[in-house]
Amino acid sequence: MMGSRSFDKLRAGQARPADQRSERPIADLSEAATSPAIAVSGLTKRFGDFTAVDKIDFEVPRGQVFGFLGPNGSGKTTTIRMLTGTLRSSSGNALVLGEDVIRRPERVQPRIGYMSQKFSLFEDMTVDENLRFYAGVYDLSPQQFTAQRDYVLKMADLVGREDELTRNLSVGWRQRLALGAATIHEPELLFLDEPTSGVDPVARRQFWDLLYDLASRGVTLFVTTHYMDEAAHCNRLAFIYRGRIIASGSPAELRTEHMDQRIFDVSTRDADPALLWLEQSPEIAEAYLSGASLHAVVPSGSRLSAVELGEQLAVAGFAGATVAEVEPTIEDVFVNLVSRQR
Amino acid sequence: MSIKRIRLLIWKEFIQLRRDPMLIRLLLVMPVVQLIMFGYVVAVDVHNLTTAVVDLDRSTTSQKLEAAFTGSGYFTVTQHPASEDDLRPLLDRGTVKVALVIPEGTHDRLTRGETAPIGIIVDGSDSQISAIGSGYASQIVAQFNSARRDELGVTVAAPGVDARIRVMFNPTLDPVNTMIPGLMAAIMMISLMVIMSQAVVKERESGTLEQMFVTPIKATEYLIGKLTPYAALATAQLLLVAAGGIFWFRVPFNGDFWVVLVGLLLFMFTCLGLGLLISLVSRTRHQAQQAVMFLMIPTMVLSGFIFPIQSMPAVIQPLTNLIPLTFALEVLRGAFVKGSSFEALAVPLLALAGFGVVIFSAAVIATRRRIAE
């Protein structure tokens, strides 16, 4: 599992950048007992007849990496916009860092950070100008700005490129600079709305390392993503589907509590016809592509074994197919939850 | 509201403006090009009007009269048809725009001290030419009359035309004088609408708008930060056009500076508001451009900037009241050329204030709503 590896690395003190500043805690976690980073109850947003977010409840303890998962259009961004004080809720309550963000967004906004998939940098401004702008917005002192600027430039690997227009940076650099700009005021809570979409796998890994670095310094992270492998990086997860939270818990809890079904991994050269065959098989509840192979869901009551399924596939003409029972991934859990909703 | 954050937003806006070479070119070159274009095209049109002279009198008087027309520079006599009947085809084909008919016996009547009627026919298909051409023609006739009287030492009361002309008649380059003040308003409108309409939609497309509203920046701070640089640029443009008009085209500034200023400021609010509204309603920059074009055409046609409102069909004329530029032109032309006071221009000034308040508030409300929804 990618996530635990990164955590181990972090605990071993290998996280970068290894300057003094990056080790300093940002948020004081002793406060954690007093109020959670986010506490939401009955939060609802309606656009005309359409209910984008439907009476959701959840809590994010301080210092955690909280993953908010769901397909496009399920209400993730709407929720973030209400929690960041840019969108009014139709009803319900949302406490962010102990403050009512719906009624008093100005009390919350200086203490939170936000980064979206667009990276939201001014493309016709230089690296330095972008940082200068956001530092000014959060009213940093010149000394604070100098320190933060140095840190961000090192973190984003942009030392010596301060005067380049951000338009000319490639995606990985832009993404890290956007993270630096969004955290220049050292927020206690950082919202990330699909921060890794459209970014290559290597840059994604590096980016998650930076997020762990922030988390290790006490920053609470609220991350939405539709990359299921990233979900495993989170301490806690909540699945949102059609505006409702359909499951929440730690990745391990979700895997055990919401999966009473077994998963078979099927590898074959004829993936398309095999998928069709699996979908039509009466013994398989559901089949779908997962990475390079197929995943077949066996209903909880079934005694079908991997060997039997392999034989059935061979009889059906998929001679080279290999079948193995696997631990359900977060993706399996999610597919299962969604299919139950339908 | 934080002055510091507003200053920061203005600083950011100027940096972005500086990095957009097309925009700078557009802002500085456009007014110059338009000034030259409108200034000279209008001026040339008024000079050298093609003219036909039907001289049925064939006397020294008729020759002097024709010479007066030619000498003025406004008319170029290209045809000498033998009779009035031959005029019609010339006018129909547009070969001549103006015709001067000097009836037989003109010289004799004048020597007898009688009023001698002469005919001036002007091509009415072009309202500008007909108005200007007939104006100049009457002026020339009046000058001719007074010159003749001086020559003869006649002191008797002259034909009534003289007095009437003086009231109607204004300085020599009349159309340029009304065109340049109008151009100030038109250029301000075009450039502000073009830039403002892009301003917000661009930031929405890039996601920076969304980002900024998660920070402590308030909607009002954002608006002030956004509008101030463009208002400053529009002012610079206005000064450029005004300087060009006054020093190059010698448009006399007879007016009250404060009337002009108030009129322009009120109109500026309307333009900023309109641009902002378009920018807020549009989803993409392309859409915003289309919307500006859509608004610009009726504005140019119906405001009286190019075509005089008086020459529009009666059904259309009320529509001109829906166009803010109509009132801006009225104020600027009135104040610049005639030196009209606040009292005289109260109606168009109030109309401009009304447009400004309605459109600008709509834009502010739309900003808040866009951000909140």
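Residues numbered from 1 in each chain as written. Chains lettered and ligands numbered in written order. Predicted model: local features only at pLDDT ≥ 70, side-chain atom pairs only at ≥ 80, totals over all residues.

Novice: Honestly, the overall build of chain B in this entry has me stumped. Any pointers?
Specialist: When its secondary structure is counted, chain B shows 14 helices and 4 strands. Relative to its 373 residues, chain B shows a buried fraction of 39%. Sequence-distant contacts, at least 24 apart, represent 78% of the contacts inside chain B between residues at least 6 apart. (Helix = DSSP H or I, 4+ residues; strand = E, 2+ residues; numbered from the N terminus. Buried ≥ 20, exposed ≤ 12 C-beta atoms within 10 Å, placed from the backbone. Contact = placed C-beta atoms within 7 Å.)

Novice: What is the right way to look at the overall build of chain A in this model?
Specialist: Looking only at helices and strands, chain A has 13 helices and 14 strands in total. Expected size for 342 residues packed as a compact globule is a radius of gyration near 20 Å; at 22 Å, chain A falls within 12% of this value. The C-alpha extent of chain A, read off along each of the three principal axes, is 75 × 45 × 40 Å. When burial is assessed residue by residue, chain A has 44% of its 342 residues classed as buried. (Rg over C-alpha atoms; globule rule 2.2 N^0.38 Å.)

Novice: How should I be thinking about the sheet that holds strand β12 (residues 286-290) of chain A in this particular structure?
Specialist: Backbone-to-backbone hydrogen bonds pair the strands of a sheet. The strands run either parallel or antiparallel. All names here are of chain A. Here we have 4 strands laid out as an open sheet, ordered β12-β13-β11-β14, and antiparallel in their pairing. The open sheet has two free edges, formed respectively by β12 and β14 (322-326), since each of these has just one partner strand. If you compare each strand with its neighbour and ignore which way they point, the axes differ by 30° on average. In the packing of helix α11 (residues 271-280) onto the sheet, contacts are made with β11 (262-267), β12 and β13 (293-298), and the angle to β13 comes to roughly 5°. (Pairing = 2+ DSSP bridges. Axes fitted to C-alpha atoms, helices over the stretch in contact; angles between N-to-C directions.)

Novice: Sorry, what's going on with the environment of Arg62(A) here?
Specialist: With respect to the element layout, Arg62(A) can be found in the loop between β2 (50-60) and β3 (65-69). Measuring from C-alpha to C-alpha, the distance between Arg62(A) and Tyr151(A) comes to 24 Å, with 89 residues separating the pair along the chain.

Novice: Just checking my understanding: could you explain the sheet that holds strand β4 (residues 119-122) of chain B for this structure?
Specialist: Residue and element names in this part refer to chain B. Strand order in the open sheet formed by 4 strands is β2-β1-β3-β4, with mixed pairing between adjacent strands. Edge positions in the open sheet fall to β2 (75-79) and β4, since each of these has one partner strand only. Taking the axes of each pair of neighbouring strands and ignoring which way they run, one obtains an average angle of 30° across the sheet. Sheet topology places strand β1 (residues 49-55) next to β2; 4 bridges connect them, and they run parallel. Bridge pairing links Ala 52 to Gln 79 in β2.

Novice: It is not clear to me how the domain arrangement of chain A should be interpreted in this structure. Could you clarify?
Specialist: How big an interface is tends to be reported as the loss of accessible area on association of its parts. Residues and elements named next belong to chain A. Looking at chain A, the domain boundaries give domain 1 (2-255) and domain 2 (260-341). Put simply, the middle of domain 1 and the middle of domain 2, counted by C-alpha atoms, are 36 Å apart. Counting from both sides, the interface comprises 11 residues of domain 1 and, opposite them, 9 residues of domain 2. Those elements that place two or more of their residues in the side of domain 1 that touches domain 2 are α9 (228-231), β9 (236-241), β10 (244-249) and α10 (251-257). When residues of the side of domain 1 that touches domain 2 are assigned to their parent elements, the largest contribution, 3 residues, is made by α10. Among the residues forming the side of domain 1 that touches domain 2, the class breakdown is 10 nonpolar, no polar and 1 charged. (Domains from an automatic or database assignment. Nonpolar A, V, L, I, M, F, W, Y, C, P; charged D, E, K, R; others polar.)

Novice: What is the right way to read the nonpolar core from this model?
Specialist: Soluble, globular proteins show a tendency: their nonpolar side chains are buried together. Counting 144 residues, the largest nonpolar core has Leu221(A), Phe222(A), Met184(B), Ala185(B), Met188(B), Leu192(B) and Leu272(B) as the members making the most contacts within it. The greatest single-element share of this core, amounting to 18 residues, is contributed by helix α8 (residues 174-206) of chain B. Apart from the residues lying within four places of it in its own chain, the contact partners of Phe222(A) are Ile38(A), Val60(A), Phe66(A), Phe68(A), Leu189(A), Phe191(A) and Leu192(A). Residues Ala99(B), Ile102(B), Ala137(B) and Val141(B) belong to the second largest nonpolar core, which totals 20 residues. (Core = buried A, V, L, I, M, F, W, Y, C linked by C-beta atoms within 7 Å.)

Novice: It is not clear to me how unusual backbone geometry should be interpreted in this structure. Could you clarify?
Specialist: Both trends apply: most residues other than glycine have a negative phi, and most peptide bonds are in trans. Residues and elements named next belong to chain A. Phi at Lys 55 takes a positive value of approximately 45°, unusual for a residue other than glycine. The phi angle at Phe 119 is positive, at roughly 65°, despite the residue not being glycine. Along the polypeptide, Phe 119 turns up in the loop between β6 (112-116) and α5 (127-137). The class for Phe 119 is buried, based on 25 C-beta atoms found within 10 Å.

Novice: I tried to follow helix α11 (residues 257-281) of chain B on my own but got confused; where do I start?
Specialist: Turn by turn, an α-helix covers 3.6 residues, leaving residues three or four places apart pointing in a common direction. For α11(B), with 25 residues, the first-to-last C-alpha span of 36 Å sits near the 36 Å given by 1.5 Å per residue. Judged by how many residues are buried, α11(B) sits mostly within the fold: 19 of 25 residues are covered. (Expected span 1.5 Å × (residues − 1).)

Novice: Can you help me understand the interface of chain A and chain B in this one?
Specialist: On the side of chain B, 19 residues touch chain A, which itself brings 20 residues to the contact. For the side of chain A that touches chain B, the secondary structure elements donating two or more residues are β6 and α5 of chain A. Of the residues forming the side of chain A that touches chain B, the biggest block, 4 residues, is contributed by α5(A).

Novice: Which parts of the structure should I look at to understand the confidence of the model for chain A?
Specialist: A low pLDDT score tells you not to read the predicted coordinates there in detail. Residue and element names in this part refer to chain A. Residue-level pLDDT values for chain A average 85, and 91% of them are 70 or greater. Mean pLDDT across the elements of chain A ranges from a minimum in helix α1 (residues 2-11), with 39, to a maximum in α5, with 95. A low-confidence stretch, residues 1-20 stays under pLDDT 50, and its non-local contacts, those more than four residues away or across chains, total 24 contacts. (pLDDT = per-residue confidence, 0-100.)

Novice: Which parts of the structure should I look at to understand the confidence of the model for chain B?
Specialist: Residue and element names in this part refer to chain B. Averaged over all residues, the pLDDT of chain B equals 80, while 87% of them reach at least 70. Per-element averaging of pLDDT across chain B places helix α7 (residues 161-168) at the bottom with 26 and helix α1 (residues 3-18) at the top with 93. Reported for the predicted complex are a pTM of 0.74 and an ipTM of 0.79.

Novice: Just checking my understanding: could you explain the environment of Val41(B) for this structure?
Specialist: Along the chain, Val41(B) falls in helix α2 (residues 21-46). The exposure class of Val41(B) is exposed, given the 12 C-beta atoms found within 10 Å.

Novice: Help me out: how do you make sense of the packing of α5(A) against helix α7 (residues 171-182) of chain A in this one?
Specialist: Packed helices, taken two at a time, are described by their axes: the angle between them and the distance between them. All names here are of chain A. In contact at an axis separation of 9 Å, α5 and α7 are set at 25° when each is read in the N-to-C sense. Here α5 is positioned roughly parallel relative to α7, judged by the angle of their axes. When the axes of α5 and α7 are compared, the crossing they make is right-handed. Residues Val 127, Asn 130, Leu 131 and Tyr 134 of α5 lie in contact with α7, whose contacting residues are Leu 177, Gly 180 and Ala 181. A breakdown of the residues in the contact of α5 with α7 according to their chemical character gives 5 nonpolar, 2 polar and no charged. (Parallel < 35°, antiparallel > 145°, perpendicular 65-115°, else oblique. Left-handed = near helix turned anticlockwise from the far one by under 90°.)

Novice: Help me understand α7(A) in this model?
Specialist: All names here are of chain A. With 12 residues, α7 extends 16 Å from end C-alpha to end C-alpha; this agrees with the ideal 16 Å at 1.5 Å per step. With 9 of its 12 residues buried, α7 lies for the most part within the structure. Burial in α7 covers these residues: Arg 174, Gln 175, Arg 176, Leu 177, Ala 178, Leu 179, Gly 180, Ala 181 and Ala 182. Check the buried side of α7 and you find it contacts β6, α5, α6 (142-155), β7 (189-193) and α8 (201-216).

Novice: Is there a simple way to explain the packing of helix α10 (residues 219-248) of chain B against α11(B) in this structure?
Specialist: All names here are of chain B. The interhelical angle for the contact between α10 and α11, taken along N-to-C directions, is 130°, at an axis separation of 11 Å. When the axes of α10 and α11 are compared, the pair comes out oblique. Of the two elements, α10 crosses α11, and the hand of that crossing is right-handed. Of the residues in α11, those touching α10 at Leu 227, Tyr 230, Ala 231, Ala 234 and Leu 238 are Leu 264, Met 268 and Leu 272. A per-class count over the contact of α10 with α11 returns 8 nonpolar, no polar and no charged.

Novice: Whenever I open this one, the environment of Leu214(A) confuses me. Can you help?
Specialist: Residue and element names in this part refer to chain A. One can find Leu 214 in helix α8. Accessibility expressed as a C-beta count within 10 Å gives 23 for Leu 214, which makes it buried. Linking Leu 214 and Gly 63, residues 151 residues apart in sequence, is a C-alpha distance of 9.3 Å.

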